[in-house]
There are 2 protein chains.
Amino acid sequence: MSKVLVSMDQLSTTLSALADPTRRAIIARLAAGEATVNELAAPFDMSLPAVSKHLKVLERAGLISRGRNAQWRPCRLEARPMKEIADWIEPYRRFWDGSFDRLESYLQEIQGKESDQG
Amino acid sequence: MSKVLVSMDQLSTTLSALADPTRRAIIARLAAGEATVNELAAPFDMSLPAVSKHLKVLERAGLISRGRNAQWRPCRLEARPMKEIADWIEPYRRFWDGSFDRLESYLQEIQGKESDQG
DNA sequence: AGGTTAATTAACTGATGAGTAAAGTGCTGG
DNA sequence: CCAGCACTTTACTCATCAGTTAATTAACCT
């Protein structure tokens, strides 16, 4: 009864790539401009292969791309997958800002009272 | 040489909770209003305990809260953790929209040329 | 009390993820 | 040509995750 995961959808891949503080830190660093693997690895208390793996995850998610320059592999940010997250999350905005918030909590109070009595 | 993960930061927890299509579908359903566990489970081809586990993940991430109404445990959306994602992602917006995009690629081209020659 | 429904917990399995050390690849420069 | 630098790949460990079935808790209803 093998359940094999065939392929992850783009949004899941992007979110899980970003659900790691090391990888988010790498992304943040790359927002300031290209960097090599060693440069990216420097701030972290982990081996180079570990960082290399993180970069591979980011690359597979399309969040970075890598060039080649002699023995260096400069990484650059590709923010488009993040746009997908922003687009996905946008419709939920109404749940946390604007007057809807107050309406929500009002409805919650009402509902709570009704449950207490019913 | 045990490396124990003490506790995940909020953003990582939220992102990893949302990096699963089942959980995102649950969230989407809850955007339409409260629902019980059985109602939430109905659309999925998986056991009730599996859904229950997904709900626990969402609850631990603060993305849902659960009330009690007789034998039902109605779930409701709590979108605030999503706001954290939106806030985190906001500064990257400049990387995918507006004229900055063109400026970026221009700068990257320049940089590439310079590297080739240096 | 006892049966039914709603949901969670427990115990287990197989897959994936994050890290390591050590070996391999590919390029540069004396 | 070969020493060394910049990485990547491999092979391994250990923890966590997603799912299962079976058992348990909790509330309702007659």
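This report concerns the structure included in the present document. (Residues numbered from 1 in each chain as written. Chains lettered and ligands numbered in written order. Predicted model: local features only at pLDDT ≥ 70, side-chain atom pairs only at ≥ 80, totals over all residues. Heavy atoms only, no water.)

1. A closer look at the protein's contact with DNA strand C
1) Next: Lining the immediate environment of DNA strand C, one finds 22 residues, of which S47, K53 and H54 of chain A together with N38 and R66 of chain B sit closest.
2) Next: In DNA strand C, atoms within 4 Å of the protein come from the sugar-phosphate backbone in 73% of cases.
3) Next: Here a phosphate oxygen of DNA strand C sits 2.4 Å away from a polar atom, N or O, in the side chain of N38 of chain B.
4) Next: Take R66 of chain B: an N or O atom from its side chain is 2.3 Å from a phosphate oxygen of DNA strand C.
5) Next: At the level of elements, α4 (48-60) of chain A together with α3 (37-41) and α4 (48-60) of chain B are the ones that each hand at least two residues to the surface near DNA strand C.
6) Next: Here the surface near DNA strand C gets 5 residues from one element, more than from any other, and that element is α4 of chain B. (Near = heavy atom within 4 Å. Polar contact = N/O pair within 3.5 Å; in protein donor to acceptor, adjacent residues only side chain to side chain. Helix = DSSP H or I, 4+ residues; strand = E, 2+ residues; numbered from the N terminus.)

2. Here's the deal with the packing of helix α2 (residues 21-30) of chain B against α4 of chain B
A pair of packed helices can be characterised by two numbers: the angle between their axes and the separation between those axes.
Residues and elements named next belong to chain B.
1) Next: Look at α2 against α4: their axes get within 10 Å of each other, and the N-to-C directions meet at 75°. Compared by their axis directions, α2 and α4 come out roughly perpendicular. When α2 is examined against α4, the residues T22, R23, I26 and I27 are found in contact with a partner set consisting of V51, H54, L55, V57 and L58.
2) Next: Among the residues forming the contact of α2 with α4, the class breakdown is 6 nonpolar, 2 polar and 1 charged. (Axes fitted to C-alpha atoms, helices over the stretch in contact; angles between N-to-C directions. Parallel < 35°, antiparallel > 145°, perpendicular 65-115°, else oblique. Contact = heavy atoms within 4.5 Å. Nonpolar A, V, L, I, M, F, W, Y, C, P; charged D, E, K, R; others polar.)

3. Comments concerning the interface of chain B and chain A
1) Next: On the side of chain A, 35 residues touch chain B, which itself brings 34 residues to the contact.
2) Next: Interface area for chain B against chain A, summed over the two sides, is near 3000 Å², with a carbon-plus-sulfur share of 62%.
3) Next: Linking chain B to chain A there are 2 salt bridges.
4) Next: Put simply, R24 of chain A and D9 of chain B hold a salt bridge, and the shortest N to O gap is 2.8 Å.
5) Next: At the junction of chain B with chain A, the criterion picks out 6 residue pairs in polar contact (both at pLDDT 80 or more).
6) Next: Mapped onto the side of chain B that touches chain A, the elements with two or more residues apiece are α1 (10-18), α2, β2 (75-77), α5 (80-89) and α6 (100-117) of chain B. (Buried area = accessible area lost by both parts, 1.4 Å probe. Salt bridge = Lys/Arg side-chain N within 4 Å of Asp/Glu carboxyl O.)

Without other data, these values stay purely geometric and don't point to any function.
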